[in-house]
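# Working through the structure, step by step
The lines below spell out each chain.
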Amino acid sequence: MVADDTFLVVRPPEFPARRRLRVGGVVQGVGFRPFVHRLAGRLELAGFVLNDELGVVIEVEGPPERLDAFVVALTTEAPALARVELGADAAIEPRGDTAFTIAPSSAGAGAALIPPDVATCEDCLGELFDPADRRYRYPFLNCTGCGPRFTIVRGVPYDRPLTTMACFPMCGDCRREYEDPTDRRFHAEPIACPACGPRLSMPLEEAVALLREGAILAVKGLGGYHLACDARREDVVARLRARKHREDKPFALMTLDPEALVALDARERELLSARERPIVLARRRTDAQVAASVSPGSPWLGVMLPYTPLHHLLLRDVDAPLVMTSGNRSDEPIAFGDEDARERLGPIADAFLAHDRPIHRRCEDSVVRAEHPIRRSRGFAPATLPLPVAACRPIVAVGAELKSTFCVTRGGEAVLSPHLGDLESELAYRAFVSDLELYLQMLRVEPEIVAHDLHPQYLSTKWALDRDAEHVGVQHHHAHAAACLAEHGEGGPALAVVFDGTGYGPDGTLWGGEVLRCDLATFERVAHLEPVPLPGGVAAIREPWRMAAAYLEAAGRPVPWSRWPVVRQSLAVNAPRSSGMGRLFDAMGALLGLRDVVTYEGQAAVELELLAGATAAAPYGCNAAAGVLRGADLVRAAHDDLAAGRDRRQIAAAFHEGVAAVTATACEAAGSAGPVVLSGGSFQNLRLLHSTRARLEARGFRVLEHRRVPPNDGGISYGQAAVAAARIGA
Ligand code: ZN
Ligand code: ZN
Ligand code: FE
């Protein structure tokens, strides 16, 4: 609890009035109380402001016209990081106060929202590199406008004792700044300096020397550990790949000079330097000084700017772009506890650059491509998302299996968790369970409804069904569609084109090439890709050549792979049928000779998109009679063109156009008054997205695509929450 008797003496007015205001939204940890204090000072008003568990309470006293001006300015002049929602506003009896104070926080029921972590601001950067400043080169400086929030908060109200900074008593200088209403660190809860704050586990110069010598360093960041190394050195990056057991999936880079590595347009530049500081996937420059093994075979690089003072110091001193990849093995959750990191990253890292400020909550870096989120985590979580139908009872939605997230509702808002990794490992499952508990505590939500996928084998489904609550099963692709509708604040009815790898269909087959007619509560399947067998089940996902073989057979064309006759025998015993669009893309990738075997999900599709590039081509024809899209038609056309020696880039382009064209045809046949939403992991493919959108718009449809949550399974839990809210509300 913070007692603060900062006085600001004002002249009592002749005819005073007093109002009590409740303010919700994001108003804690964003410099809101200092702002209110300054505002009251300027308008010469008395009273107090305090944080409680619902947000902020203000009582303000003075001449009525200045009180009105005060209320208007609360919204119009609020700090950049705040989101102000004015609540109850009551006239109460004046008390004759003569000062405006920041009063101690009070406890109660409910929970204010914690803001996301914010990248180091310009003012703090200025101090970091000013030799005359007392925080010169101090790796943990911050202020009311920047620094850690979500990752260090243990509870609400957001005050220092409820953060992981509680174990660092402020020195006299910091205390003075913290208590001075004119200081930019007035009530900056994570305030710290070299005399009183957190410290690095090794001298920074040592860490810099190690990186320059080619060492792999585990670096403790904001929401977890990174593995860092010099991105220019092929031998070093290759060693990191080998130790991390990550074959081809690109590594993210942190750099002070992104323009030297990637070609950026204005929008990408803006995203890169936004306060959320996401990883931005952009086109690699041919002269970029980066080891080839950073992103093998891909013209894309994921780059981000430094976002903590420690990162700024490291980047500046090492003077090279650094690989900054999540501290984990393959698709495990990121390590954030110090002991856990030592254990899991010890075999990968040559040394640890840690510090003694505990991380309370894991939060990985966010990833965007163009304006589309691929992973929504640090900087965005736990900012709320809209629920078009408010949840009349608290809901927790547990997501799917890969790219796991969960989502908790409070009335008309949904709080989506950061990325948790793939829920296949025991480690990820434990992270899921413990992070969910942390969230429910933070939001003070006791879920009455648990929404889940229909897939009975998902660990998330099993967790949900074990929970003593009302269960709402949500079909995977309906959840994708609902996520896209909900993020735009819409409730349907709509058509939804949902293309992804595999999701459980209510008919026992695997879905994933779906056109649905839906609203938030209900859906109907109006068209779908014709199912083909997955030879060998999951093996067919790892080995796209199997999909190519299955499709070639369906197309009545010869199968060139010599392994096929053996694998073909498995069709009788292990070949679930799938209408997944991702599998059709896999098949095309293998057919065009891109790769027979993939090392990460969606790799073949990514490479097929690259091959197509911006090549113009007329679409391949594809029969869509009775709502069954004959994917084999596209494969047949591609096969015949390939045999005739047509350029593979043109074939890849004609295939993309063919999928987009038949999709538009199917939507037109289904007909709808509402919009068409585009969702599912296949729409991370921008050629497919843009072409489908253009063809739908040419037919007069209004098209919605993802801007706030990922089209992949990272958005599923949010969609499940939106569906559950609509069903229980109906
Ligand atoms: Zn700052
Ligand atoms: Zn200090
Ligand atoms: Fe999916």
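You'll find the structure just up there.
The structure displayed is predicted, hence computed values, not measured ones.

If you walk across this open sheet you meet the 6 strands as 16-19-18-17-20-21, and the pairing is mixed. Edge positions in the sheet fall to strand 16 (384-386) and strand 21 (470-474), since each of these pairs with one other strand and no more. Each neighbouring strand pair of the sheet contributes to a mean axis angle of 25°, computed without reference to strand direction. Two elements, strand 20 (residues 449-453) and strand 21, share 5 bridges in a ladder whose sense is parallel.

Once that is clear, we can look at helix 9 (residues 338-345). Burial in helix 9 covers these residues: Ala341, Arg344 and Leu345. Angularly, the buried residues of helix 9 cover 80° about the axis, an arc narrow enough to put them on a single face. Structural note: helix 9 exposes Glu339 and Glu343 on the side pointing more than 90 degrees away from its buried face.

What follows is about the environment of Tyr138. Position of Tyr138 relative to the elements: it lies in the loop between helix 3 (122-128) and helix 4 (172-179). Residue Tyr138 is classed as buried on the basis of its relative accessible area of 5%. When near neighbours in sequence (up to four residues on either side) are disregarded, Tyr138 contacts Leu128, Ala192, Cys193, Pro194, Gly197, Pro198, Pro309 and Leu313.

Another aspect to go through is the coordination of the zinc ion (ligand 2). All of the protein donors around the zinc ion (ligand 2) are Cys171 (SG), Cys174 (SG), Cys193 (SG) and Cys196 (SG); their distances to the metal are 2.2 to 2.3 Å. Viewed at the metal, the 4 donor atoms of the zinc ion (ligand 2) are separated by angles of 103 to 117°, and the geometry they form is tetrahedral. Every donor residue of the zinc ion (ligand 2) comes from the same chain, spaced as C-x2-C-x18-C-x2-C. On the criterion of sequence distance, the pair formed by Cys171 in the loop between helix 3 and helix 4 and Cys196 in the loop between helix 4 and helix 5 (204-212) is long-range, its members being 25 residues apart.

About the criteria used
Residues numbered from 1 in each chain as written. Chains lettered and ligands numbered in written order. Predicted model: local features only at pLDDT ≥ 70, side-chain atom pairs only at ≥ 80, totals over all residues. Heavy atoms only, no water. Pairing = 2+ DSSP bridges. Helix = DSSP H or I, 4+ residues; strand = E, 2+ residues; numbered from the N terminus. Axes fitted to C-alpha atoms, helices over the stretch in contact; angles between N-to-C directions. Buried < 20%, exposed > 50% of the residue type's maximum accessible area, 1.4 Å probe, protein only. Arc of directions from axis to C-beta. Contact = heavy atoms within 4.5 Å. Donors = N, O, S within 2.8 Å, 3.2 Å for Na, K, Ca; no water. Tetrahedral: all angles 85-135°; square planar, octahedral: opposite > 155°, others 65-115°.

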